[in-house]
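# Per-entry structural report
This is what each chain is made of:
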Amino acid sequence: MTTLFAALHHMAVLTLLGCTLMSIVQWRQPFDLSRARRLRTTDMLNGIAATLILLVGLVRVLYLEKGAAYYFHNGPFIAKLALYGLASVLSLMPTLDMLRWRVPLKQGRLPALSPQKQTQMRIVAYLQLACLVAMMVCANLAARGVDMAAFVP
């Protein structure tokens, strides 16, 4: 069971990473109707992957692996959770905007989006990528028992 949940967790992380990278690539292209549809789909997959990461991760922490007592007293694990929260908050802005695109896209129209908003969406995708990379480092440190308290004088 532990191996199955670890594999699910890692597949969800890789999916989230792929969605984030795909968003970055898509935001660098001209904004047209097909791109808007792909961005919405990518954002939806991003949300599904992020939710799976949280749910499967909680099962692993609470019932499998080293147990909640180990993880909730581990600095890198707490940092990873904080980064997850930051990435989640960052993803709300593009998600809420893209939810408003449903009607125009259904009508075959391009959603209104200023160049500034497109730049903002691209920056958010880069910030999410930075959070993901930092989370991976924290996950590695937490799994190996490295605690940030060891680095504080």
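Residues numbered from 1 in each chain as written. Predicted model: local features only at pLDDT ≥ 70, side-chain atom pairs only at ≥ 80, totals over all residues. Heavy atoms only, no water.

When helices and strands are counted, the protein chain shows six helices and zero strands. Once the C-alpha set of the protein chain is aligned to its principal axes, its extents read approximately 55 × 40 × 20 Å. Relative to its 153 residues, the protein chain shows a buried fraction of 37%. Taking all contacts inside the protein chain whose residues are at least 6 apart in sequence as the whole, residues at least 24 apart take part in 81%. Total accessible area on the protein chain stands at roughly 9000 Å², and carbon and sulfur atoms take up 70% of it. Within the protein chain, one finds 15 positive and 5 negative side-chain charges whose respective centroids are separated by 8 Å. (Helix = DSSP H or I, 4+ residues; strand = E, 2+ residues; numbered from the N terminus. Buried < 20%, exposed > 50% of the residue type's maximum accessible area, 1.4 Å probe, protein only. Contact = heavy atoms within 4.5 Å. Areas by Shrake-Rupley, 256 points an atom, 1.4 Å probe, with all protein chains shown as cover. Lys, Arg positive; Asp, Glu negative; His and termini not counted. Charge placed at Lys NZ, Arg CZ, Asp CG, Glu CD.)

The next thing to look at is the packing of helix 2 (residues 33–63) against helix 4 (residues 75–99). Interaxial distance between helix 2 and helix 4 falls to 11 Å at its minimum, and their mutual angle equals 155°. Between helix 2 and helix 4, the angle falls in the class roughly antiparallel. You can see that helix 2 and helix 4 cross each other, and the crossing is left-handed. Between helix 2, through Leu39, Arg40, Asp43, Ala50, Thr51, Ile53, Leu54 and Val61, and helix 4, the contact on the second element is made entirely by Phe77, Tyr84, Thr95, Met98 and Leu99. Counted by class, the contact of helix 2 with helix 4 contains nine nonpolar, two polar and two charged residues. (Axes fitted to C-alpha atoms, helices over the stretch in contact; angles between N-to-C directions. Parallel < 35°, antiparallel > 145°, perpendicular 65-115°, else oblique. Left-handed = near helix turned anticlockwise from the far one by under 90°. Nonpolar A, V, L, I, M, F, W, Y, C, P; charged D, E, K, R; others polar.)

Moving on, we get to helix 4. Structurally, the α-helix is built with 3.6 residues per turn, so residues lying three or four positions apart point the same way. With 25 residues, helix 4 extends 36 Å from end C-alpha to end C-alpha; this agrees with the ideal 36 Å at 1.5 Å per step. In the structure, helix 4 departs most strongly from a straight axis at Leu92, where the bend amounts to approximately 30° and where the proline Pro94 lies between one and four residues downstream. Listed in full, the buried residues belonging to helix 4 are Pro76, Phe77, Lys80, Leu83, Tyr84, Ala87, Leu90, Ser91, Pro94, Asp97 and Met98. (Expected span 1.5 Å × (residues − 1). Bend = angle between axes of the 7 residues up to and from the residue.)

On their own, these measurements won't tell you what the molecule is for.
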